Every structure is written in C-alpha cells, then in structure tokens.
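Working through the structure, step by step
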Amino acid sequence: MASSAVSPAGDLTSQILQALDQASPLLSTEAFPAAGFVELKAALDRLASRDMVRYDTLEREEALLEPEGEQIAANGSHEARVFEALRTAVEGLTVQELEKAIGDKNVVKIGQGKAFKEKWISKTKDGKFKAASDSIQDVTQEQMQTIQKTRTYPNAKILADLKKRKLIRMQKIISFKIHKSAHFALAIPEEATDLTADMITSGAWKTATFKPYNFKALGADQQAGALHPLNKVRSELRQIFFEMGFEEMSTDKFVESAFWNFDALFVPQQHPARDLQDTFYVSDPKLADKPRAESAEDTKDYEAYWKNVQAVHQDGKYGSIGYRYPWSGDETQKLVLRTHTTAISANMLHKLASQKGPDGRPPPARYFSIDRVFRNETVDATHLAEFHQVEGVIADYNLTLGGLMEFMDIFFGKMGITDLRYKPAYNPYTEPSMEIFSYHKGLGKLVEIGNSGMFRPEMLEAMGLPKDMRVFGWGLSLERPTMIKYGISNIRELLGHKVDLNFVQNNPAVRLDKV
Amino acid sequence: MPTINVDKYALFEELGQQFTADTFQELCFDFGIELDKDTEDDPARPKDQAPELAIEIPANRYDMLCFEGIAMHLNVFRGKHPTPNYKLADIPESKMQSITVTKETADVRPYVAGAILRNIKFTDATYKSFIGLQDKLHMNLARQRTLVSIGTHDLDTIQGPFTYEALPPKDINFIPLNQTQKMNGEELMAFYDQDKHLGRFLHIIRDKPVYPVIFDSNKVVCSLPPIINGEHSKITLDTTNVFIEITATDQTKLDIVCNIMVAMFSKYCEEQFTIEPVKIISEHNGTTRITPSLLARTMDVEVYYLNKTCGLEETPKALCKLLSKMAYTAQPSEDPAFIKVTVPPTRADVLHACDVMEDVAIAYGFNNLPRSSPNQSVTIGKPLLINKLTDIIRTECAMAGWVEVMPLILCSHEENFEWLNRVDDGKTAIKLANPKTVEYQVVRTSLLPGLIKTLRENKSVKLPLMITEASDIAVKDETLERKARNERHWAAAFYGKTSGFEVVHGLLDRVLSMLRVAFITREEGLKGKSIDFEVKENPSPEDGYFIEEINEPTFFPGRAAAIFVRLDGKVTRIGEFGVLHPSVLEKFELKYPVSTLEINLEVFL
C-alpha cells in the first residue's frame, strides 16, 4: 500500500473535506452526484478511520427507464404516434401508408390496437384508418417523462404497473449523509504505514503519524509446507507404540504369496477372503517360490514349516482337528497384493520362533507396523482399494485375555478413546477374537474401532513357537480414526490424488491425547 | 458376515421374553452376534408384514444361519434349556433307505450323503426357513454350490433305493423343478443360461463330460446337482416325509452341511431331534457309511489352560456349567486337571481347545473377565531405519514449504508408462490379474503418476503448487521368494506459470545436504562422508552427489538431469529431475509446466 501524502487537489477525499468545511452535514447525492459508489465509500472510510468524518448510509429505490420507456419519453407512446400520424392525414391512411409515415412496423402494430381501444381512431368505409378525435392526452409519455426527471413517481401502483410492462426497472441507490467528526481537517496528515529501519536510524518515528492498522484483517499468508493429515495421525500412533516398547516391523512387501497372506494365518483355501472379488491377484510375476531363506544367515527349516502348515490345514495337528480338506500347494504360491499387514506379522513371528532368549526359548516381543494394504473393493465413500492398517503384536508367556483388554484400554486411552467394550467375533486366525467398541458421544452409540485377539495355536505352533507362548494381535485402520478426528465422511477426500491441497495445508496438528 | 432376517415377534416368543431394543442389543453383543436392523419402526415396511430383525452371524457359525439355530443358541446361552441331543432313528441297516454311488461320479462330484426327516410338520414360517437355510448354506460354506449342494424331496413321491450316478448330459432327461417341459442335460444348460438365479451355478458342471444325477429305483430323476431338482419329487408345505440328498466335492463340508440341515429341522419331526439315516453304498472309493454322522466329538480340555488364558480360577464343575451355555455338554473328568467336553455335531467351528477357551470367556462375559497387567516382560521400542530416514526427508520438505500428498499405489498401465513417455520392458512392473477398473492395473514403479494426478485434481488451488511424497514403489525381482520387492522413493513436483526447474533443483540440494552423514567416531567428523554438491567434468573420488544432463523422453530436451551419489567410492544413479515434456502434460491434462524430482532413498540407509 502506498503511503498517503497530502491529497492532491481534485482527489475525492480532499473534495469531501473541502465541501464539508462549507456545510456539514451534507448529502453525497447533492455534493457529489457524479462520484461512483465504490470510490466514494472508500474515500469516506479512509476519512472515517481517522475520525475526520463520520457518515450515515441512506438507502432508497430509484426508477429507471428501460430502452422502450426512453423511446416513449422522447417520441410518445405507440398509440399516440399512430393517432398523431392519422390526425394530420385528413383522408385517412392505409396500413401500408401508416407504416411508411411512422417508419416502424412494430409501433403501428401495437399502437393501432391500443388507439382503437382508447377510441382515438376508427376505420373508414374503404378500410383506411382515420383519427376519431381532435386531441388526446398521452398519459404514458407524461409518466415516462416524470420518471426520467425525478427517478420516481408519486403513485406506487402505477410504478408497479410500469415495471410489469417492462417500461421501467427499479434500482437500489445507496448514498451518504456526511458529518464533520472530531479530527476534521482540510487534509489527511502524512502517515507512515510501517516502522522502518530508516525511521529508527533517523529518529523519524518520534514525530511520524502512523496509519491505523486493520486489526480485523488476517495476517500475511505463510506459504507454509505441510505434512499430510494421515501421516500426522500415523506419527502420533507410532509415538504411542514406542512409548509402550514396540519394535517397528519392516513392511516392504506389497506383494505377498498366498502362503504368507493366508495359509500361514490358518485361513482355509476356500475362505471367501481369498475370492477374486476381495483380493487382488498378481498376473506378473507369476508365482512365488515356496517359503524359503533369502540369505545365507537364515538357517530356518522352511520345508518343515511348509509341511506343518499343510498338516494343520489338511489333517489337523497341535491338538486341532484342522479344516480337513485337500490342501493345495499351488494355491499357496499364487501372488497377491497383501490384504493385511498380518502377513508381515506372520513372517516376524516365524522368525521369532527361531530366536533364543536367555532361557533358550523365544524371547517376548512386541511388534507394530502402519502401512498400506489392498482390497479389491468397489470404491465408495467409505471404501478404497487401498488403506493403511495399524497392526500390533505382543508375544509373551502367560498372557491372559484380561491382560489383552487392559492393554487395549491403555493403548486406546492414549488416543483419547475410552470406555471400551469387547464383543465376541470371528476371525480365522485369532481365537478368542474380540471386536473393540467405544461409545461415540456424537453418534450416541457404540462404534467399532478395531479388532483384536489371540493368534490361534494352529498358526503359532506350526511356526515352532512354544505352546505356552501366547500372542495378542490387534488392528485398526489409520483412516477411520483420522476421519472421525477431522469429521471427514468421504475417504477419497483423505487418501489418493483427489485430496484438496488446501485441506492438507490447513489441517490442524493432531493431538490425540487432548480430549 | 452373513445376515439372517428373522420374524421379530416369533423370535421373542421363542425366547420367552419381550426385549427392549437395548436389552436385545446387549444380549447380541454379549453373545457375539450383531443386531443390524429392526424394521419395527421402519416406515418402509408394508403394513401386512411382521417386523423383522436382521442379525449378523459370525462367518463360521453355520448352525446359526436360520431362525431355529439363532433361537436355540440364544435359549441355551440364557440357560432356558440344554442343547438338544440329536440322534439317529434306530432302524436296522437292511431296512434303511440307501444311495448307491457309481464310480463315474468321481469325475464330477464324488461325495454324497442322505437323510430323512420323518413325519415333519411345516408351517409357512418353518417351510420358508427350511428353504432359507439351504440358500444360506449354498452361499456361504458351500461357496456358491461349488463345494456342496442340497436337494430336498417329498419322499412319498419317489421310491428308494436311490442311486447317485454320472451320465453324459444327453442321457439325462427330466422336468426340472417348476417347469413343465422335459429336457435333457444339454437343453437344460441352454434353458437356464440366462436365468438370474441358476445361471451362475451352471459353470460348475457345464463342460464336464458327465453330469451328476440322483435317481430313485424307478429311474425318476430326483435332482441334477448342483443345479436343480426334478419337478416330480418337489416338496410342498404339506410334505410329511422329506428326503434330503447332498452332493459335494469336499467331504468335510458335506458332513457339516448334512448335520446342520437335519439338526435344525428335526425339531419339527414327530419324534423331535431324531433323524432317519440313509446308507451310502460307495464301494469304488471305500466311503460306504451311514449318514448323517451326527458325530458328537469328545475332547479332554486342560482346566489350567482354560483358567490361565481367561485369567479365571474356576473349578472344573463351574467351567462345565459355563460351557453348557455355549451348547456343549461338559463334565469334570476323573483326572481333575481335565474336563470332558462333548462338542455337538452342529458346532463345526470348534477345531481346538482354544475354541472351547473362547466359549468359556464368552459364557463368563468378555467384559466381566478379571483384568491383569499386560506387561509380563520388558521389551525395547525401536523404529525402522527406513522410516526414520523418510521422516527426516518429509519434515525437511515441509519446512522448505512443500506440501505432502498421499496418492494411491495402484495406477493404470498408461499412467505409469505411456503417459510418461516410458516403455514397459516387461521386467519391472507388477501387474494385477483381476482389477475391477483400469485405475488399478499395475503397482506403480514411480511416484510421478500419483503426484501429477494430484496436480491435475488441484487446478483451482493458488499457484504455484509444490507437492512431495516419500513412499514405496514396487518392482519385480525374480531372485526373491515373492518375486517382487518394494523400494522407498522420494519425489516432488512443482506446478506453476514457470517451469520451476531451479526450485526443484534447490529442494534436491537442500534435502541432500540435510542427509550428510556424520560419523562422530571418526576424526574427520562432518567432513568425512558428506554428500556435497559438485558439478565437475571429472568428479573426484570423494563421497558426494553430482548430476549429469540426460535426454529422456519424459522430460523436455536439455532440461533434465540424472542424480548420482558416490558412497564409499561407489557411484549409483539414484534418480532424475527435470521439466516434464509438454506431451506428458497433455496426457495428464495439465496447462502449466511441471518440474519433477524422484530418487531412490535406499542408498542412504
């Protein structure tokens, strides 16, 4: 903004001050009829903000002529013009002659009809038009002329009627009544907009007048960078996991074999989750290898594990009768996009089985991950083909269900979610399976916030984990708490390329523990 | 999860209690089923229709796929009555109805079972439920009839003994259910080809040389499994003796379906819960036996295991009492360390003692179980290195004024290749077999498509747009077990009225300078392994990064460079940056120039 020096002569603010010096108050319609509304308002605001003037806003309606109204004001109404043409022609006129005399077919067409109605004209025996009266009064023209002059008409009913006939239109006019105010002067004093280094050096700040600051406006745009809201929630959750002693699992496998994604988790091969409608299968590359070591240090017996998995599905093992169906090795080598990160947990638990703690047994462990999973879903407001799964695993000896629920209370409590309730549920790889619900105050009902359970012995013992090592697992999506937190109802507004960058940029920080 | 619709008033009457919405909801919650809907106050319900409850059942509880099962289990759970004792009618084998199986069935649908419900009385509601249970079993456990299919017949219209054969389609002639025309197997396939309901089952046998068929002793076709029954033996509301034949490709599921069908509806037989068996004569594969099995399995379950896992200290007797609420019959055994648990034939979901343990917990009430500390042992938290590295970069980018985005990982083949003027060498991209739309054809091999699409969707946002993402791409890798691996990439894109080439270049410099690795155990400290910028004709052997002009069709000629790092003397190309070629912009429908940057982060680990 340029700093305002003394207003040059002819400047509107200066004109206002000059005029006001002569007479106060004054009406803007009288003093500045030519000034535009916007300029006038801006000038007045500038003066008002310095308390040099004050003003009242006046509102009124004006009638303005439409083009047809203008024409009538100038030349008379159509019927009057028809009458006038006939009055001067003693013999009367044919339609063609009348049109020629007036020079506008339209005026003749409308005008002769109305003139007949008013009984101003009649027809001669030979079909010509002639005047039926010596003189007439053209009321419409008079009305138009009055409105042209005064921009209004004394009779409101006539105004409304003219508006209906589309001869005039109404327009709102705002004008001002301007008064002198406390700091009235003939010119705006010189003002500084900002305290500058130069002013400090020169000492000019001591005498300068500063332009008032608009405290109602926002500050300057920060052009800020921003982290994605989903990742902000993810950071909070990772923090909670670290606080509780969890190690982050490596989840760098979008592509899994059906073995790790399903069979290792004791999901039978006919389970609907393995259907094409639910799971993305990979066509290229073609097939996974059977589970095997990928480095020289890995000396685990994968063949034995493979056989254990086959046995526990097909014939039963580890005290389980199994699913008793012909288990297909080929089926396990199909490649899929992982449908859950539990495939990664299975891999980690299999590794854990061969680790030895101080007592020679697999040591207790806590693992977590937060990463993308894939489902062949039909996309809608709450489903995408991709979402993030938050997964936690606790492997330890002597775990109890009471301990699992106690853990969940602490874990979700750190996210500000309390009053949990646990519902029996079914999941092929956990038994017991507990759905976790929390009372949602806004919705006034219990809402499901996650799944949990103890992994089945069929899954764990096949890996070689000891019988008395029990493993809790639980999962939730990252999107769901984020959507609840930010009040988002459509998941596509949160994940994917359709997200609004303004939304990312202006999202508040995540403070899950702040209730 | 399957949803079962039941008559609300009839259910409450069967349960002997009028529940409020809340109390019924609570009962469902505690038992582990879910009340999905109650049409009582639904204005859309026709006036003449009784209010219904939609109840969601756990996917492995096939014994609750009908009104009878839900009511029975809720009554047992509430201690109203014990679990029924299902038994076979005591008739000598010589008097039993039989199904003789020919060996040709092995080629198409090898297993069969049969059972008879004698002197049954259907009402409108129970008849509907009887049909409904067959539908639900077909849909769920039987996987759309591929594994198992059920046929039910009015026994008084047909004459045993029965045979289960497999014949060429042309040789099977009968009037299918609810039809008037006789047709052979081939004609039947054509007839039902466009049928909304049956059409989807035809594929199961269509191309087989022989079709399975059940005959009575007069060669009347009872059914052509898994497609349709014959009109001749159709059951009606007035049928009193029901012959059930079940065919399958999976013997375990055949047994489960057979047990559940008869257990649920033997309730309406004159002699309740008693089922007349059928002898299956199957000499060619040695499965001659009596069906249904109604096998009630007995397990010895460790008291210590049940108590310890649930965190309880109950006596064996108390545990048995809890289990009786879950339809088991259990009693303390001579060895006080164990209880003897009998699993009813309907509870096909019980595979292991852990299933029994869960039922102890449900009977006790999950939310009543005593709480204990979850902290048995101390473990040490630890982040994943690649995620720490990624977080450094993400934060640096945000601090430099860039906005993080999270596009999808799946994209179309065109977006990943053609639209970027890139060629699919067939060795890189992972392709999906069954995507529902073209949007999900491949796993991205570059972060660029997602970033560019995000720009496209944000044309109304004030320019310039500066966006970034650090996330995984995935590529084929034949050396690995899963034939693929992820790679952590970082990318950024600038969209504005000018190309922003130098802005992207500046971001690269900034981030890489933040990644200088300092080994504080070395004397050289921060200078030791720095990744300083240099542009030289012959780069010196010190570690660092440098760029070199490239000419690749993704980018505008003369406005692109490859990025190299040299760590421990080894030079690797980690990515590239440049101004996108206008033909790329056109494909993605962008009006203004775009500069992008993408590198592989794995070398910095």
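Residues numbered from 1 in each chain as written. Chains lettered and ligands numbered in written order. Predicted model: local features only at pLDDT ≥ 70, side-chain atom pairs only at ≥ 80, totals over all residues. Heavy atoms only, no water.

Some remarks on the overall build of chain A
Keep this limit in mind: Note on conventions: DSSP H or I runs of at least 4 residues are helices, E runs of at least 2 residues are strands, and numbering of each starts at the N terminus. The globule rule used here is 2.2 Å times the number of residues to the 0.38 power, and the radius of gyration it is set against is calculated over C-alpha atoms. Residue burial is assigned from relative accessible area. The probe radius is 1.4 Å, only protein chains are included, and a residue is buried under 20% of its type maximum, exposed over 50%, and partly exposed in between. Residues count as neighbours in contact if any of their non-hydrogen atoms are within 4.5 Å of one another. Working definition of accessibility: Shrake-Rupley area with a 1.4 Å probe, residue cover restricted to the visible protein chains. Positive charge is attributed to Lys and Arg, negative charge to Asp and Glu, and no charge count is given to His or to the chain ends. Where a charge lies is defined by one atom per residue type: Lys uses NZ, Arg uses CZ, Asp uses CG and Glu uses CD.
Looking only at helices and strands, chain A features 19 helices and 17 strands. Against the compact-globule benchmark of 24 Å for 515 residues, chain A has a radius of gyration of 44 Å, which places it well outside the compact range. The buried share of chain A, taken over its 515 residues, is 50%. Nonlocal contacts in chain A, meaning residues at least 24 apart in sequence, comprise 69% of its contacts between residues at least 6 apart. When the accessible area of chain A is evaluated, it comes to approximately 24800 Å², of which 51% is carbon and sulfur surface. Put simply, chain A has 65 plus and 69 minus side-chain charges, and the middle of one group is 6 Å from the middle of the other.

So, the overall build of chain B
The helix and strand tally for chain B stands at 14 helices and 30 strands. The globule rule puts the C-alpha radius of gyration for 605 residues at 25 Å, and the 34 Å found for chain B is more than 25% above it. Along the longest, intermediate and shortest principal axes, the C-alpha atoms of chain B span 100 × 65 × 55 Å. Across the 605 residues of chain B, 56% fall into the buried class. Pairs at least 24 residues apart make up 69% of the contacts formed inside chain B by residues separated by at least 6 positions.

A few points about the sheet that holds strand β19 (residues 338-343) of chain B
Residue and element names in this part refer to chain B. Basically, it comes down to this: Strands qualify as paired when DSSP identifies two bridges or more between them. Angles run from 0 to 180 degrees between N-to-C directions of axes, and those axes are lines fitted to C-alpha atoms, restricted for helices to the stretch in contact.
Within the open sheet, the three strands sit side by side as β17-β19-β18. Their pairing is antiparallel. Bordering the open sheet on either side are β17 (297-302) and β18 (329-332), each of which pairs with just one other strand. With strand direction ignored, the average angle separating the axes of adjacent strands in the sheet is 20 degrees. Judged from the six bridges that link them, β17 and β19 form a sheet pairing that is antiparallel. Paired with Met299 across the strands is Val341, a residue of β19. The sheet strands contacting helix α7 (residues 303-310) are β17 and β19, and the helix crosses β17 at an angle near 65 degrees.

Overview of the packing of helix α8 (residues 139-150) of chain A against helix α9 (residues 156-164) of chain A
Residues and elements named next belong to chain A. To keep things clear, this is the line we draw: The cut-offs work like this: below 35 degrees is roughly parallel, past 145 is roughly antiparallel, 65 to 115 is roughly perpendicular, and the gaps in between are oblique. Gly is placed with the polar residues, together with every amino acid not listed as nonpolar (Ala, Val, Leu, Ile, Met, Phe, Trp, Tyr, Cys and Pro) or charged (Asp, Glu, Lys and Arg).
Where α8 contacts α9, the two axes come as close as 12 Å, and the packing angle between them is 100 degrees. Between α8 and α9, the crossing angle belongs to the class labelled roughly perpendicular. Counting all contacts with α8, which are made through Gln143, Met144 and Ile147, the residues of α9 involved are Ile158, Leu159 and Leu162. Among the residues forming the contact of α8 with α9, the class breakdown is five nonpolar, one polar and no charged.

Examining the pattern of salt bridges
Rule in force here: For salt bridges, the criterion is a side-chain nitrogen of Lys or Arg within 4 Å of an Asp or Glu carboxyl oxygen.
Applying the stated criterion to the full structure yields 61 salt bridges over all chains. Glu386(A) is the salt-bridge partner of Arg372(A), the closest N and O atoms lying 2.9 Å from each other. Of this pair, Arg372(A) sits in strand β12 (residues 365-374) while Glu386(A) sits in strand β13 (residues 386-397), and the two are 14 residues apart along the sequence. Residue classification places Arg372(A) among the buried positions, given a relative accessible area of 2%. A salt bridge links Glu406(A) to Arg371(B); its shortest N-O distance comes to 3.3 Å. One end of the pair, Glu406(A), is in helix α16 (residues 401-413); the other, Arg371(B), is in the loop between α9 (353-364) and α10 (385-399), on a second chain. Judged by its relative accessible area of 26%, Glu406(A) falls in the partly exposed class. The partly exposed category is assigned to Arg371(B), whose relative accessible area is 35%. Taken together, the salt bridges that share partners define one network made up of Arg234(A), Arg238(A), Glu248(A), Asp391(B), Arg394(B) and Glu404(B).

Notes on the UniProt feature "domain: B5" (unreviewed entry) in chain B
Basically, it comes down to this: UniProt positions are given in the numbering used here, feature names are shortened, and annotations may be inferred rather than shown by experiment.
Annotation from UniProt places "domain: B5" (unreviewed entry) at residues 294-371 of chain B. Split by type, residues 294-371 of chain B is 37% helix and 21% strand. Its first and last C-alpha atoms lie 39 Å apart.

Examining the interface of chain B and chain A
To keep it simple, the criterion reads: Throughout, buried area stands for the accessible area (probe radius 1.4 Å) lost by two parts on being put together, summed over both. Residues adjacent in sequence count toward polar contacts only when both atoms are side-chain atoms; beyond that, a polar contact is any pair of N or O atoms within 3.5 Å, and within protein one must be able to donate a hydrogen and the other to accept it.
At the junction of the two partners, chain B supplies 95 residues and chain A supplies 113 residues. Taken over both partners, the interface formed by chain B and chain A buries close to 8800 Å², and the fraction arising from carbon and sulfur atoms is 55%. When the buried area of chain B at its contact with chain A is split by residue, Met406(B), Glu481(B) and Arg482(B) rank highest and sum to 10% of it. In this structure, the connection of chain B to chain A is made through 12 salt bridges. The tally of links between chain B and chain A comes to 54 residue pairs in polar contact (both at pLDDT 80 or more). Tallied by class, residues from the side of chain B that touches chain A come to 43 nonpolar, 23 polar and 29 charged. Strand direction decides the pairing type here: strand β10 (residues 282-284) of chain A and strand β22 (residues 431-432) of chain B, joined by two bridges, are antiparallel.

Looking at the packing of helix α6 (residues 95-102) of chain A against helix α7 (residues 105-117) of chain A
Residue and element names in this part refer to chain A. Operational definition: Crossing handedness follows the turn of the near helix against the far one: under a right angle anticlockwise gives a left-handed crossing, and clockwise gives a right-handed one.
It is the contact of α6 with α7, at a shortest axis distance of 8 Å, that shows an interaxial angle of 120 degrees. In terms of orientation, α6 lies oblique with respect to α7. Our pair here, α6 against α7, has a crossing hand that is right-handed. Contacts from Leu98, Glu99 and Ile102 of α6 reach α7 at Lys105, Val107 and Val108. Of the residues in the contact of α6 with α7, the class split is four nonpolar, no polar and two charged.

Some details on a nonpolar patch on the surface
We count it as follows: Patch definition: residues with relative accessible area over 30% and no salt bridge; like charges joined within 9 Å; nonpolar side chains (Val, Leu, Ile, Met, Phe, Trp, Tyr) joined within 5 Å.
Residues Leu195(A), Ile200(A), Trp205(A) and Phe210(A) make up a contiguous nonpolar surface patch of roughly 390 Å² in combined accessible area. Given a relative accessible area of 46%, Leu195(A) falls into the partly exposed group.

What about the sheet that holds strand β2 (residues 53-65) of chain A?
All names here are of chain A. Spatially, the three strands line up as an open sheet ordered β1-β5-β2, and their pairing is antiparallel. Across the chains shown, the open sheet's two edge strands, defined by having one partner strand only, are β1 (26-27) and β2. In the sheet, β1 pairs with strand β5 (residues 168-180) via two bridges, with the strands oriented antiparallel. Its bridge partner being in β5, Leu27 is matched across the sheet by Lys177. Strands in contact with helix α1 (residues 12-22) are β1, β2 and β5; relative to β5, the strand with the most contacts, it is inclined by about 70 degrees.

As for the packing of aromatic side chains
The description of an aromatic ring pair rests on the distance of the ring centres and on the angle between the ring planes. Stated formally: Centres within 6.5 Å are what make two rings of Phe, Tyr or Trp a pair, Trp counting through its six-membered ring; a difference in plane orientation under 30 degrees is then read as stacked, over 60 as edge-to-face, and the rest as tilted. A ring is scored as having a charge over it whenever the NZ atom of a lysine or the CZ atom of an arginine sits within 6 Å of its centre and within 35 degrees of its normal.
All chains considered together, the criterion is met by 42 aromatic pairs over all chains. Where Phe437(A) meets Phe29(B), the ring centres are 5.1 Å apart and the plane angle is 70 degrees; that geometry is what we call edge-to-face. Taken together, the residues Phe437(A) in strand β15 (residues 430-440) and Phe29(B) in helix α2 (residues 21-31) connect one chain to another. Given a relative accessible area of 7%, Phe29(B) falls into the buried group. Within the aromatic cluster, the residues linked to one another by ring pairs are Phe241(A), Phe242(A), Phe246(A), Phe368(A), Phe407(A), Phe411(A), Phe412(A) and Trp474(A). Above the plane of the ring of Tyr281(A) lies Lys334(A), whose end atom (NZ or CZ) is 5.9 Å from the centre. Lying across the ring of Phe215(B), Lys219(B) places its NZ or CZ 4.1 Å from the centre.

Observations regarding the UniProt feature "domain: Aminoacyl-transfer RNA synthetases class-II family profile" (unreviewed entry) in chain A
Following the UniProt record, one finds the feature "domain: Aminoacyl-transfer RNA synthetases class-II family profile" (unreviewed entry) at residues 231-508 of chain A. End C-alpha atoms of residues 231-508 of chain A are separated by 13 Å, and the span's content is 28% helix alongside 26% strand.

Comments concerning the domain arrangement of chain B
Put simply, the test is: Segmentation into domains, and thus their bounds, comes from an automatic or database assignment.
Each assigned domain of chain B is listed here: domain 1 (3-77), domain 2 (87-291), domain 3 (297-366) and domain 4 (385-604). Distance between the C-alpha centres of domain 3 of chain B and domain 4 of chain B: 58 Å.

Points about the environment of His271(A)
You can see His271(A) is positioned in the loop between α12 (258-261) and β10. Note: C-alpha distance between His271(A) and Thr201(A) (70 residues apart in sequence) is 81 Å. The contacts of His271(A), once residues within four sequence positions are left out, are Tyr426(A), Pro428(A) and Arg143(B). One polar contact links the side chain of His271(A) to the main-chain amide nitrogen of Ala273(A), over a distance of 3.0 Å.

Examining the confidence of the model for chain B
Quick reminder of the rule: For every residue, the predictor reports its confidence as pLDDT, a number between 0 and 100.
Predicted confidence across chain B gives a mean pLDDT of 92, with 95% of residues reaching 70 or more. Here residues 517-540 of chain B is modelled with pLDDT under 50, and outside its nearest four sequence neighbours on either side it reaches 31 contacts, counting other chains as well.

Observations regarding the pairing of strand β24 (residues 465-476) of chain B
Residues and elements named next belong to chain B. Counting buried residues along β24, 11 of its 12 residues qualify, which places the element largely inside the surrounding structure. Relative to β24, strand β20 (residues 403-404) is paired through two bridges, and the arrangement is parallel. Opposite Val403, over in β24, you have Ile467 as the bridge partner. Here β24 runs beside strand β25 (residues 484-495); their pairing, made up of 12 bridges, is antiparallel.

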